[in-house]
Amino acid sequence: MLGKPVIVDNKPGAGGALGAAEVARATADGYTLLMTAGAFVIAPSVLANVGYDPARDFTGVSQVAIVPLIVLTRSEGPLNTFADLIALAKKDGEKVSFASFGNATPSHLVGTAIQLRGGIKMTHVPYKGGMQAMPDILSGVVTVGILDAVSMTPFVKQGRLKALAVTGPKRLPALADTPTLVESGISFDAVGWHGVFAPAAVPPVIVRRLNEAFNKAAARPEVRERIVNGGSTPIEPPYTAEEWTKQYRREIGQWAELVRAGGIKVE
């Protein structure tokens, strides 16, 4: 669509912060972009000298997919609703535990939001990923998991896990009977995502052209299939560049507030 080759240059390190810092310093001509995940807007709140400011140094190009999270428990367990979880935590306190896919990740911060806004205290148990947490959730070693909704949904469908709530502004079509956190009384609707960014000084006309190209690419059936199989949900309808910029900059403050309120640090 752009008539140019696209080179994917993976830049691991510091949860994506090293790659983001490099793009922040790139020439603002639209030829160097950043595709990254939600940790991009969280890192400056939990890491010292992260090397970039997501609001000052970048502009949004396109949100490619969202990664909803789901609050899960074992099917044989005593919890049947999200209200049951809150009641149990108010009764047993830190004996109630929640699994996440890592310290200061979106799943950890969602657990923090549930505690702060639900008036409860739970014990956080971080894992390297959702599948690593599964044995402890199924055995009852941890009370609930706050994990990727798309990859966990099959276990709910199979009856191995119970879904108590999902993150985001609306229910998941695949789990239409499962309420959102907001519906469950927790005023928090942020979700994880994958998005594209450009250095802040890239001219708006170029950003709009890139937005159009990424949105068209994400709408292709084979790309949509990859997005879903990768554990995410396509954006429908797609954001304009201006809408995406406004959205991700709003989230910077949301996550930063949770980090401060929860006293979250990365060693």
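Keep in mind it's a predicted model, so treat the numbers as computed, not measured.

Asker: Mind showing me how you'd approach the pattern of salt bridges here?
Answerer: When charged atoms on two side chains of opposite charge get close, those side chains can pair. On inspection of all chains with the given rule, the structure shows 10 salt bridges. For Lys 11, the salt bridge goes to Glu 22, with nearest N and O atoms at 3.6 Å. One end of the pair, Lys 11, is in the segment before helix 1 (17-24); the other, Glu 22, is in helix 1, and 11 residues separate them in sequence. Accessibility expressed as a relative area gives 38% for Glu 22, which makes it partly exposed. Glu 242 is the partner of Arg 208 in a salt bridge, and the nearest nitrogen-oxygen pair spans 3.5 Å. Note that Arg 208 is positioned in helix 7 (residues 204-219) and Glu 242 in helix 9 (residues 241-262), a separation of 34 residues in sequence. Judged by relative accessible area, Arg 208 falls into the partly exposed class, the value being 43%. Looking at Glu 242, the relative accessible area reads 44%, which means it is partly exposed.

Asker: Sorry, what's going on with the sheet that holds strand 8 (residues 192-199) here?
Answerer: Pairing between the strands of a sheet is mediated by backbone hydrogen bonds and can be parallel or antiparallel. Here we have four strands laid out as an open sheet, ordered 1-8-2-9, and antiparallel in their pairing. The two strands at the open ends of the sheet, each matched to only one other strand, are strand 1 (34-37) and strand 9 (233-234). As defined by bridge partners, strand 2 (residues 58-67) adjoins strand 9 across two bridges and the pair is classed as antiparallel. Paired with Ala 65 across the bridge in strand 9 is Pro 234.

Asker: Just to check I follow, could you spell out the nonpolar core for this structure?
Answerer: General note: in soluble globular proteins, nonpolar side chains tend to be found buried as a group. Counting residues in hydrophobic clusters, the biggest one holds 46 residues, and the most contacted among them are Phe 40, Phe 82 and Ile 114. In terms of residue count, helix 9 provides more of this core than any other element does, six residues in total.

Asker: Got a minute to help me understand the sheet that holds strand 3 (residues 69-74) in this structure?
Answerer: In spatial order, the strands read 5-4-6-3-7; together these five strands make up an open sheet with mixed pairing. Edge positions in the open sheet fall to strand 5 (123-126) and strand 7 (161-166), since each of these has one partner strand only. On average, adjacent strands in this sheet sit at an angle of 30° to one another, irrespective of strand direction. Where helix 4 (residues 106-118) meets the sheet, its contacts fall on strand 3, strand 4 (97-100), strand 5 and strand 6 (144-148), and the angle it forms with strand 4 comes to roughly 155°.

Asker: What exactly am I supposed to notice about unusual backbone geometry here?
Answerer: Excluding glycine, residues mostly carry a negative phi; peptide bonds, for their part, are mostly trans. Look at the link from Glu 236 to Pro 237: it is a cis peptide, with omega at -10°. With a phi close to 65°, Ala 104 is a non-glycine residue in the positive phi region. Within the secondary structure, Ala 104 sits in the loop between strand 4 and helix 4. A residue is classified by how much of its surface remains accessible, and Ala 104, at 9% relative accessible area, is buried.

Asker: It is not clear to me how the packing of aromatic side chains should be interpreted in this structure. Could you clarify?
Answerer: Any pair of aromatic rings gets described here by the distance separating the centres and the angle formed by the planes. Evaluated as defined, the whole model comprises 13 aromatic pairs. Centroid distance Phe 40 to Phe 197: 4.5 Å. Interplanar angle 35°. Geometry classified as tilted. You can see Phe 40 sitting in helix 2 (residues 39-46) and its partner Phe 197 sitting in strand 8, a full 157 residues away along the chain. Here Phe 40 matches Phe 197 in class, with each residue buried.

Asker: What's the story with the side chain of Gln 247 in this structure? I'm lost.
Answerer: Considering the arrangement of structural elements, one finds Gln 247 in helix 9. In terms of polar contacts, Gln 247 uses its side chain to reach the side chain of Glu 251, at 2.7 Å.

Conventions we followed
- Per chain, residue numbering runs from 1 following the sequence as it is written.
- Given that this is a predicted model, residues contribute local features only at a pLDDT of at least 70 and side-chain atom pairs are listed and counted only at 80 or more, while totals for whole chains, interfaces and linings are drawn from all residues.
- By convention in this description, side-chain values take in all heavy atoms of the structure and omit both hydrogens and water.
- Think of a salt bridge as a Lys or Arg side-chain nitrogen and an Asp or Glu carboxyl oxygen that are within 4 Å of each other.
- Each helix is a run of DSSP H or I of at least 4 residues and each strand a run of E of at least 2, with the numbering of both proceeding from the N terminus.
- Whether a residue is buried, partly exposed or exposed follows from its accessible area with a 1.4 Å probe, protein chains only, as a fraction of its type maximum: under 20%, in between, or over 50%, in that order.
- Here a strand pair is declared whenever DSSP counts at least two bridges between the two strands.
- Grouping buried Ala, Val, Leu, Ile, Met, Phe, Trp, Tyr and Cys residues that are joined through side-chain atoms within 4.5 Å yields what is termed a nonpolar core.
- Axis lines are fitted to C-alpha atoms, over the contacting stretch for helices. Their N-to-C directions set the angle, which ranges from 0 to 180 degrees.
- The contact rule is simple, with two residues in contact once any of their heavy atoms fall within 4.5 Å.
- Only rings of Phe, Tyr and Trp enter the pairing, Trp through its six-membered ring, and a pair is recorded when the two centres are within 6.5 Å. The plane angle decides the type: under 30 degrees is stacked, over 60 is edge-to-face, the rest tilted.
- Distance and chemistry together define a polar contact, namely a pair of N or O atoms within 3.5 Å, with one atom able to donate a hydrogen and the other to accept it when in protein, and with adjacent residues in sequence counting only for side-chain atoms on both sides.

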